[in-house]
Amino acid sequence: MNLTLRIWRQKGPEDKGRMVTYPVDDVSPDMSFLEMLDVLNERLILAGEDPVAFDHDCREGICGMCGLMINGDAHGPQRGTTACQLHMRQFKDGETIDIEPWRASAFPVVKDLVVNRSAFDKIIAAGGYITAPTGSAPEAHSTPVAKANADAAFESAACIGCGACVAACPNGSGMLFTAAKLTQLSLLPQGQPERYTRVIGMVDAHDEAGFGGCTNAGECTPACPKGIPLNTIGRLNRDYLAATAKGADNTPGS
């Protein structure tokens, strides 16, 4: 395959940035998208040029590092797939492919296709853990959990924090991520002692980090490579309303 890549190049956070065109030939349809970028970078290095910076780690669709906007779609055209698991057979010979970083004020560009996603860490730190003493591990199956709750909690725990939901949202909202991290705790017995203080703290951290508000545009769920459903945000909203009605704040034990 012969392709034309239009890639966002930005030297640093203060640089204005621009799209740069690179022709790439002899691309195997069986290459992953990141392998194709590796081939481009090898050629750029041999030519004495600066390689394209992009995030990657496991390359197994698990870690969420490989977030890219590909032809305007988060992670590319294939549903339920991360950029590292996207293969070049999804594209046509001679096609022009636009590759950009996540576009969100809460995700400032570090360099080229790399963005700073530490805002997600702040949301997690605001309450996505258990601080109440729980003693030693209970005997297996000693605390019954309804299967529907267990399934929904496991579904939310599949979130890999890639940020595709933010990049796809017209408001740059991180509510699907926040809701997933809340739901995986709020539906289980271990998460009940801090259920309402947690939702207040994490939503506050979401807003303080610069994410936009959720207006139910619904663009987040189709972009999510793990298929986190939209009703997860509904669970967050119900818990938030209950927390405000109870007068909870983000102080542990309130």
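Residues numbered from 1 in each chain as written. Predicted model: local features only at pLDDT ≥ 70, side-chain atom pairs only at ≥ 80, totals over all residues. Heavy atoms only, no water.

- Going by an unreviewed UniProt entry, the protein chain carries the name Succinate dehydrogenase/fumarate reductase iron-sulfur subunit and comes from Micromonospora inaquosa.
- In the Sequence similarities (unreviewed entry) part of its UniProt record, the protein chain is described as follows: "Belongs to the succinate dehydrogenase/fumarate reductase iron-sulfur protein family." (UniProt positions renumbered as here; feature names shortened; annotations may be inferred.)

1. Notes on the sheet that holds strand β2 (residues 18–24)
Moving on, step 1. One open sheet holds the 5 strands; their spatial order is β2-β1-β5-β3-β4, and the pairing between them is mixed. In the strand order of this sheet, the two ends are held by β2 and β4 (73–74), each with one partner.
Moving on, step 2. Here strand β3 (residues 69–70) pairs with β4 via 2 bridges, running antiparallel. In the sheet register, Ile70 faces β4, and the bridge partner there is Asp73.
Moving on, step 3. Across the sheet, helix α1 (residues 33–46) is in contact with β1 (3–9), β2, β3 and β5 (96–100); its angle to β1 comes to roughly 80°. (Pairing = 2+ DSSP bridges. Helix = DSSP H or I, 4+ residues; strand = E, 2+ residues; numbered from the N terminus. Contact = heavy atoms within 4.5 Å. Axes fitted to C-alpha atoms, helices over the stretch in contact; angles between N-to-C directions.)

2. Topic: the environment of Met175
Moving on, step 1. Within the secondary structure, Met175 sits in helix α5 (residues 175–186).
Moving on, step 2. Taking C-alpha positions, Met175 is 8.9 Å from Cys220, a pair spaced 45 residues apart along the chain.
Moving on, step 3. The contact partners of Met175, leaving out residues within four places of it in the chain, are Val203, His206, Cys214, Ile233 and Leu236.

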